[in-house]
Amino acid sequence: MATPRTVALGIAIIATCTSSVVLFLPAITAPIHGSATYRPRTPLENAGRSLYVANGCIGCHSQYIRPSDWTYTHMRVSQAGDYIEDSPHLLGSERTGPDLAQEGGMHSDDWHVAHFTDPRYTRPVSIMPDFAFLNDQQMTELIAFIQSLGDKLADQRMARQRYWKQKLIAAYAKGEDDNVQYLNAHVPPQWRDMPNPYPPTPEELARGEFVYQQECIYCHGEVGDGNGPAARYLHPKPFNFTLLKRQPWSGGLLYYQIMNGITGSAMPFFKDDLESAKIWAVSNYIAVEFIGEHIDSNAADSGIDAALEPARKPGLTMPPYEGPIPLPTGVTIQKLYQCCPRTQPKEPKTPCCG
C-alpha cells in the first residue's frame, strides 16, 4: 500500500516531467537560426509591432500559414525560423480576420491608410474596428510592420509595389485618357481581345451588382466614377469606368485587371477571393451600368456553353439574349432513344463452318 510519502514523491516526479516538457523542451528545440526568408525588423517596424500588440490585433488575426492551408494559398508554409525574433510570439489562434503571415506587399501603403482609417473603405463587409485615432507617426509605424510580414518575400513584393507606384503616378499625371491607354497597354493582348463570354442577363447583372457592392463600391463609387469614400486616401485615384465610353475595352480586359489587380495602385488582386463566374459577372455589371457602349458580352464564338448556362442566342449584344436555339443541322433526334439499356445485346452466333 502506498504511503503518503510515496504519493507525494510520485506527484512531484509527474509535475517535474510535465514542467520540463512544457517549459524547457520548446526552449531546447527552438531554432537558433532564421529561415531562408528571415530578416531582422527595423526600429520603425518594431514600433509598429508594439502598436499591433497593444491594440489586441492578435485577437482576430493569426500569423501562421499551416500545412493544412497549403491547398488554399500559393504562399509557403510558415517555418519555425521565421519567428526567432518574436517575443511574445503573435501566431494567434483566431482567424476572424485573414492570416497576416505573408501580408507584407500584398497591398500598397495608401490602401493600408484607407483600410486602417475605416476598414469598410476597402472591405465593405469588414467587422474590424477603425484605427483612425492613430496619429500620422503611429499610422506609419503600424503600416511598416504590416508591410514587413513575410520578411524577404515581403521586401520583394514591396519593391514591386514601389516600382509600379512611380510608373502609375507618372501615367496618371499625364491625364485621364493617357492613363487609360497606359493601363490597357499593360494587359496581355489575348485578354484585350477577349469578349465576355456570358450574356448580361438579369441574373448575371444581379450577381455582378452584389459583388460590386461587396468589393468595389467604396473605391470606385456608386456610379463607377472612382469617387468612392476611400478615394481621398489613394493615389492614383481609383479607376473611372465611365472613361471607357471613349476608349477601346473588352470584357477580357476588365476580367484580367480584376483578377490580377494593378500592382502599385490600391487595386488589389481578386484571384484568391472571387471565383471566375463572379469576376465575369461583375465585369458585365460594370460594362452595362457604367460604360454602356460597345458591350461585347455574348459575342459569337465556337465554344461549348457550360451546362448551367441558359439557352441563348450567341452574337446578340442587346436583350433578349435568351431564347430557343435552333438545332444544329445534320443532327437527328431519336425520340425513342434510351440512354442506358439494362440488357446487353446478344452476341451474334458464330457461323458454323463444319
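Residues numbered from 1 in each chain as written. Predicted model: local features only at pLDDT ≥ 70, side-chain atom pairs only at ≥ 80, totals over all residues. Heavy atoms only, no water.

Trainee: Even after reading the chapter, I still don't get unusual backbone geometry, so can you show me in this structure?
Mentor: With the exception of glycine, the majority of residues adopt a negative phi angle, and the majority of peptide bonds are in the trans configuration. Cis geometry is found at the peptide bond from Ser87 to Pro88, where omega equals 0 degrees. Take Pro88: it is sitting in the loop between α2 (43-54) and α3 (109-117). Going from His235 to Pro236, the amide bond is cis rather than trans, its omega being 0 degrees. Within the fold, Pro236 resides in the loop between α9 (217-220) and α10 (251-260). Even without being a glycine, Asp151 presents a positive backbone phi close to 50 degrees. Here Asp151 is to be found in helix α5 (residues 151-173). (Helix = DSSP H or I, 4+ residues; strand = E, 2+ residues; numbered from the N terminus.)

Trainee: What's the story with the environment of Pro119 in this structure? I'm lost.
Mentor: Structurally, the position occupied by Pro119 is in the loop between α3 and α4 (136-148). The class for Pro119 is buried, based on a relative accessible area of 0%. Considered as a pair, Pro119 and Ala230 are 111 residues apart in the sequence and their alpha carbons are 9.7 Å apart. (Buried < 20%, exposed > 50% of the residue type's maximum accessible area, 1.4 Å probe, protein only.)

Trainee: Teacher, can you tell me more about the packing of helix α8 (residues 202-215) against helix α11 (residues 276-291) here?
Mentor: The angle between the axes and the distance between the axes are what describe a pair of packed helices. Packing of α8 against α11 leaves a shortest axis separation of 7 Å and a crossing angle of 95 degrees. In this view, α8 runs roughly perpendicular relative to α11, as classed from their interaxial angle. For the pair α8 and α11, the contacting residues are Glu204, Leu205, Arg207, Gly208, Glu209, Val211 and Tyr212 in the first and Lys278, Trp280, Ala281, Val282, Asn284, Tyr285, Ile286, Val288 and Phe290 in the second. When its residues are assigned to classes, the contact of α8 with α11 shows 10 nonpolar, 2 polar and 4 charged. (Axes fitted to C-alpha atoms, helices over the stretch in contact; angles between N-to-C directions. Parallel < 35°, antiparallel > 145°, perpendicular 65-115°, else oblique. Contact = heavy atoms within 4.5 Å. Nonpolar A, V, L, I, M, F, W, Y, C, P; charged D, E, K, R; others polar.)

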